[in-house]
Amino acid sequence: MFLGIDLGTSGVKAVVIAPDGTVAAQGAAPLAVSRPRPGWSEQDPADWLRGADLAVGAIPADIRARVRGVGLAGQMHGAVLLDAADRPLRPAILWNDGRSEAECAELERREPRARAITGNLAMPGFTAPKLLWVAGHEPDVFARTATVLLPKDYLRLCLTGDKATDMSDAAGTLWLDTGGRHWSEAMLAATGLSEAHMPALFEGSEATGVLRADVAQRWGMARVPVAAGAGDNAAGAIGVGVIGEGDALLSLGTSGVLFVATDSFRPNPAGAVHAFCHCLPGLWHQMAVHLSAASCADWAAGQLGLDGPGTLFELAASAGAEAGEELFLPYLGGERTPHNDPAIRAAWLGLGHLTTPARLARAVLEGVAFAFADGLAALEGAGAGPKRLAVIGGGARSRLWGEIIAAALGLPLDYLAGGEVGPALGAARLARMAVTGEDAAAVCMRPPVRETLLPDPALAARLAPKLARFRAAYPALRTL
C-alpha cells in the first residue's frame, strides 16, 4: 500500500491506495489561513506537520503498517523562509497572497529574459516576487534566510530531514528554467539568491529520502521511502491519468484550474497562461488558474447565513435555470488568468427588488463557471484548447455546478470514480512508482468514468448573454 499526503490551503488530506490502485482509507485535518492585512495570506508552517499527523492518524493502524512508500502533494508558490538551523523566520506567504505586485515589475526589470526562461509572467502569487518583497520590507529576515522551501517541501523536511522538491512545484517559483528543468542562476540572482538557497531537484516519481525514525514510529509505519511528489495540480492530474499530450482536467478546489498536459515546453505568457513542468520526466503542462472557485461557495454560504456549501447548492437549484440577471464576479482575492490582477475584488451585480438568496447562490455558481470560460479562451489562444475535461476537487460533488460549467464552456465534463479524492491520490501513485519502478502508463491509469455531463444547448443559450455581461463587468469594476 502507498500513502499520499496533500497539503492544501484549507486542510491536509491523507489517502492510502491498495495494490490494485483503489482507495483503501482516507483521513483529513483542517487548516486555518491568517489574513493580517487586506490581500495578505499566511500560514504557520508548524500547523502543516500537526495537520499531517492528524490526517495520517485517522487512517486505521493496520493499514498504516502496510504502507511501503509516501508521496507528497501541496499548494504551490508558498514561501517558507528558514534560517541556518532550518527554523522558519516568519509565517509562510501563500499562493493567494497579493502583496508583491510592485515586485513583479521589478523582477522583470532586473531580468528582462524572465518570461523566456520561466515561460510565465511574473505574478504576485509566485514565490520569487515574495522574496523581493521580504528583501524590501523585512531586510533582517531576508538577510537571515538560508533556505527557501515550498510548503510541501517544508513538510518533507520535517518528515525526512531532506531539502528537496519536484519539477512541477519548482516551476511555480519563477526560479526554474522550465524548459531545461534546472534552477536558473539568472532568475535567482535577480532575487538576490543563489542555488545554495534552493532544495535539490527531482522528478516527481523519484525518492528523495526516507521517513525519520521518530515520524515512522509516530505513524506506526516502517522507515519507507518518500517520493518527490508534485504541486497540487500536477498531482491531481496524475490521479486521473492526465499524462499524455492534450489530456485535460478541471479542478474545482479552493482555487479553480484548467490543466492541459503537453509533451513539450510551450510558453505563452501573454494571456496569463502558466507553462509549468509536469511531475513526470519529459512532460509539461499549460494551465489557466482562477484564485477563487470552491472558496466562493464557502464564502457565499457564510454571507447568506447557510450551514455550508451543500446548502448553497440546494438553494441555487431552487432558483431554477431561469434565474434573474444577477451576476457574481468571483474575484475574492484577485485573479490570475486572464487578468493578472491581484487588486480586483468580487462583486454581486444586477441586484433588484426581485433578488433572492437563491438567485444570489445561483449567480455564484455561474460566476465561477464564467471565470473558467475566460480561462478556456486564454488556453485556446495559447494553442491548448482541450476537447473534454476530467473533473476533480471538492466542488465536483455538485452536479448542478457541473451542468452550469459544461454549458458555459461548451465542453463535456467527465466525472471519474474517486475524482473528488484529488491530489492525494496522485501523490500516492507517485510513491508507488518511486518504490516499484513501474512505468507511469501502468500506474497512472484513468479511473472509470462515473458520469459525463454534456453541454445543454438551451442552458448555454440562456447563459451566453450573462457571460457577455460578465466579461464587460471586469474592466468597469477595475476602474473603481
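Fair warning: this is a prediction, and the values are worked out from it, not measured in the lab.

Caption draft 1: Local environment of the packing of aromatic side chains. Evaluated as defined, the whole model comprises 10 aromatic pairs. These aromatic residues form a ring-pair network of at least three members: Y331, F370, F470 and Y474. A cation sits over an aromatic face here: R99 above W40, 3.5 Å from the ring centre. In this structure, R181 is placed above the aromatic ring of W284, and the distance from its NZ or CZ to the ring centre is 4.8 Å.

Caption draft 2: Highlighting helix 3 (residues 101–110). Listed in full, the buried residues belonging to helix 3 are E103, C104 and L107. For helix 3, the angular spread of buried residues about the axis comes to 110°, placing them on one side. For helix 3, the exposed residues set more than 90 degrees away from the buried face come down to A102, A105 and R109. In this structure, the buried side of helix 3 is in contact with helix 5 (127–137) and helix 9 (185–190).

Caption draft 3: A look at unusual backbone geometry. Note the cis peptide between T337 and P338, where omega equals 0°. Inspection of the secondary structure puts P338 in the loop between strand 20 (327–329) and strand 21 (347–349). The backbone phi angle of H77 is positive, close to 75°, even though this residue is not glycine. The backbone of N340 sits at a positive phi, close to 45°, despite the residue not being glycine.

Caption draft 4: Representation of the side chain of R90 in the model. By the element assignment, R90 lies in the loop between strand 6 (80–82) and strand 7 (92–93). Accessibility expressed as a relative area gives 12% for R90, which makes it buried. Among the polar contacts made by the side chain of R90, one reaches the side chain of E42 at a distance of 3.2 Å. At a separation of 2.7 Å, a polar atom in the side chain of R90 contacts the side chain of E138. Once residues lying within four places of it in the same chain are set aside, the contact partners of R90 are E42, L81, R99, W133, V134, E138 and V141.

Caption draft 5: Region of interest: helix 1 (residues 45–57). Taking 1.5 Å of rise per residue, the 13 residues of helix 1 would be expected to cover 18 Å, and the 19 Å separating its terminal C-alpha atoms lies within 8% of that figure. What helix 1 keeps buried is the set P45, W48, G51, A52, A55 and V56. The buried residues of helix 1 occupy an angular sector of 120° when the element is viewed end-on, so they sit on one face. The distance from a side-chain oxygen at the start of helix 1 to the backbone nitrogen of A46 is 3.0 Å, and the residue carrying that oxygen is D44.

Caption draft 6: Expanded view of the pairing of strand 3 (residues 23–30). In this structure, strand 2 (residues 11–17) lies alongside strand 3, joined through seven bridges in antiparallel fashion. Within strand 3, the residue paired with I17 across the bridge is V23. Joining the antiparallel neighbours strand 2 and strand 3 is a turn of five residues, in which G21 adopts a positive phi near 90°.

Caption draft 7: Geometry of the nonpolar core. Core analysis: the biggest nonpolar cluster contains 64 residues, and L107, L131, W175, L193, L249 and F259 have the highest contact counts within it. Here this core takes five residues from helix 5, the largest share from any one element. Those residues within four positions of W175 in sequence are excluded, and the remaining contacts are T127, A128, L131, V148, W183, S184, M187, L188, T191, L193 and M198.

Caption draft 8: Geometry of the pattern of salt bridges. Per the stated rule, a full pass over the model turns up 31 salt bridges. Among the ionic pairs, E138 bridges to R90, the shortest N-O distance being 2.7 Å. Of the two residues, E138 sits in the loop between helix 5 and helix 6 (139–144) while R90 sits in the loop between strand 6 and strand 7, which places them 48 residues apart along the sequence. With a closest N to O distance of 2.4 Å, R399 and E403 form a salt bridge. Highlighted residues: R399 and E403, both in helix 15 (residues 399–409), separated by four residues, approximately one helical turn. Its relative accessible area of 43% is what places R399 among the partly exposed residues.

Calculation rules
Residues numbered from 1 in each chain as written. Predicted model: local features only at pLDDT ≥ 70, side-chain atom pairs only at ≥ 80, totals over all residues. Heavy atoms only, no water. Phe/Tyr/Trp six-rings, centres within 6.5 Å; stacked < 30°, edge-to-face > 60°. Lys NZ or Arg CZ within 6 Å of the ring centre and 35° of its normal. Buried < 20%, exposed > 50% of the residue type's maximum accessible area, 1.4 Å probe, protein only. Helix = DSSP H or I, 4+ residues; strand = E, 2+ residues; numbered from the N terminus. Arc of directions from axis to C-beta. Contact = heavy atoms within 4.5 Å. Polar contact = N/O pair within 3.5 Å; in protein donor to acceptor, adjacent residues only side chain to side chain. Expected span 1.5 Å × (residues − 1). Pairing = 2+ DSSP bridges. Core = buried A, V, L, I, M, F, W, Y, C linked by side-chain atoms within 4.5 Å. Salt bridge = Lys/Arg side-chain N within 4 Å of Asp/Glu carboxyl O.

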